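# Notes for the structure review
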Amino acid sequence: MTQSFAAAVEECLQGLLDQIEAQAPDVEADLIDSVLSLRLPDDSEIILNRQAVVEQIWLACSDGPARFDQDASGAWVDARSGQTLPAYLGKILQRRLGQTIELEA
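Attention here is on the structure that accompanies the text. Values in this document were obtained by computation on a predicted structure and should not be read as measured data. (Residues numbered from 1 in each chain as written. Predicted model: local features only at pLDDT ≥ 70, side-chain atom pairs only at ≥ 80, totals over all residues. Heavy atoms only, no water.)

### Observations concerning the overall build of the chain
- Broken down by element type, the chain carries two helices and six strands.
- Walking the chain from its N terminus toward its C terminus, one meets helices and strands in the order α-β-β-β-β-β-β-α.
- Taking 2.2 N^0.38 as the reference for a compact globule, 105 residues should give roughly 13 Å; the C-alpha atoms of the chain span a radius of gyration of 13 Å, in line with that estimate.
- Counting only C-alpha atoms, the chain reaches 40 × 25 × 20 Å along its principal axes.
- Counting the 105 residues in the chain, one finds 38% classified as buried.
- Counting contacts in the chain only where the partners sit at least 6 residues apart, residues at least 24 apart contribute 35% of the total.
- Summed over its atoms, the accessible surface of the chain is roughly 6,000 Å², and 48% of this surface lies on carbon and sulfur atoms.
- Across the chain, 7 positive and 18 negative side-chain charges occur, with their mean positions spaced 9 Å apart. (Helix = DSSP H or I, 4+ residues; strand = E, 2+ residues; numbered from the N terminus. Rg over C-alpha atoms; globule rule 2.2 N^0.38 Å. Buried < 20%, exposed > 50% of the residue type's maximum accessible area, 1.4 Å probe, protein only. Contact = heavy atoms within 4.5 Å. Areas by Shrake-Rupley, 256 points an atom, 1.4 Å probe, with all protein chains shown as cover. Lys, Arg positive; Asp, Glu negative; His and termini not counted. Charge placed at Lys NZ, Arg CZ, Asp CG, Glu CD.)

So this is what it looks like as structure tokens:
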């Protein structure tokens, strides 16, 4: 049996939350109803949320939006850049925080 879209999103976002809390304690992070909110020390925000109608995870921040589809292997991939969600988010956090952040799926 395949994992439902909602369960796959929740698993992905929870995994990201756990890794961010471990690697970047200065980031205030909350996961509520499949919305992962990250408040950075500079008071900027990054929001990731589930878009059930199109079965995507959307990322919104001042760096610009990104939309991630789940591929056949289960990875969440941005069609425009080809980057996975963990890699994409990790690069944003590294740039904003000035420290190494390595997020994995």
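### Description of the packing of helix α1 (residues 5-23) against helix α2 (residues 85-97)
- Close contact between α1 and α2 brings their axes to 12 Å; oriented N to C, the two are set at 35°. Two packed elements cross with a definite hand, and for α1 against α2 that hand is right-handed. Contacts from C12, L16 and I20 in α1 reach L85, P86, L89 and L93 in α2.
- When the residues that make up the contact of α1 with α2 are grouped by side-chain class, the tally is seven nonpolar, no polar and no charged. (Axes fitted to C-alpha atoms, helices over the stretch in contact; angles between N-to-C directions. Left-handed = near helix turned anticlockwise from the far one by under 90°. Nonpolar A, V, L, I, M, F, W, Y, C, P; charged D, E, K, R; others polar.)

### Comments concerning the sheet that holds strand β6 (residues 76-78)
- Strand order in the open sheet formed by six strands is β1-β2-β3-β4-β5-β6, and the pairing between neighbours is antiparallel. The open sheet has two edge strands, β1 (28-32) and β6, and neither has a second partner. Along the sheet, successive strands turn relative to each other by an average axial angle of 20°, direction set aside.
- The sheet strands contacting α1 are β1, β2 (35-39), β3 (45-51), β4 (56-60), β5 (66-70) and β6, and the helix crosses β1 at an angle near 160°.
- Here α2 sits on the sheet in contact with β2, β3, β4, β5 and β6, set at roughly 165° to β3. (Pairing = 2+ DSSP bridges.)

### Things to note about unusual backbone geometry
- You will see that S34, though not glycine, has its phi angle at about 60°, which is positive.
- Relative to the helices and strands, S34 resides in the loop between β1 and β2.
- The backbone of E55 sits at a positive phi, close to 50°, despite the residue not being glycine.
- Tracing the sequence through the fold places E55 in the loop between β3 and β4.

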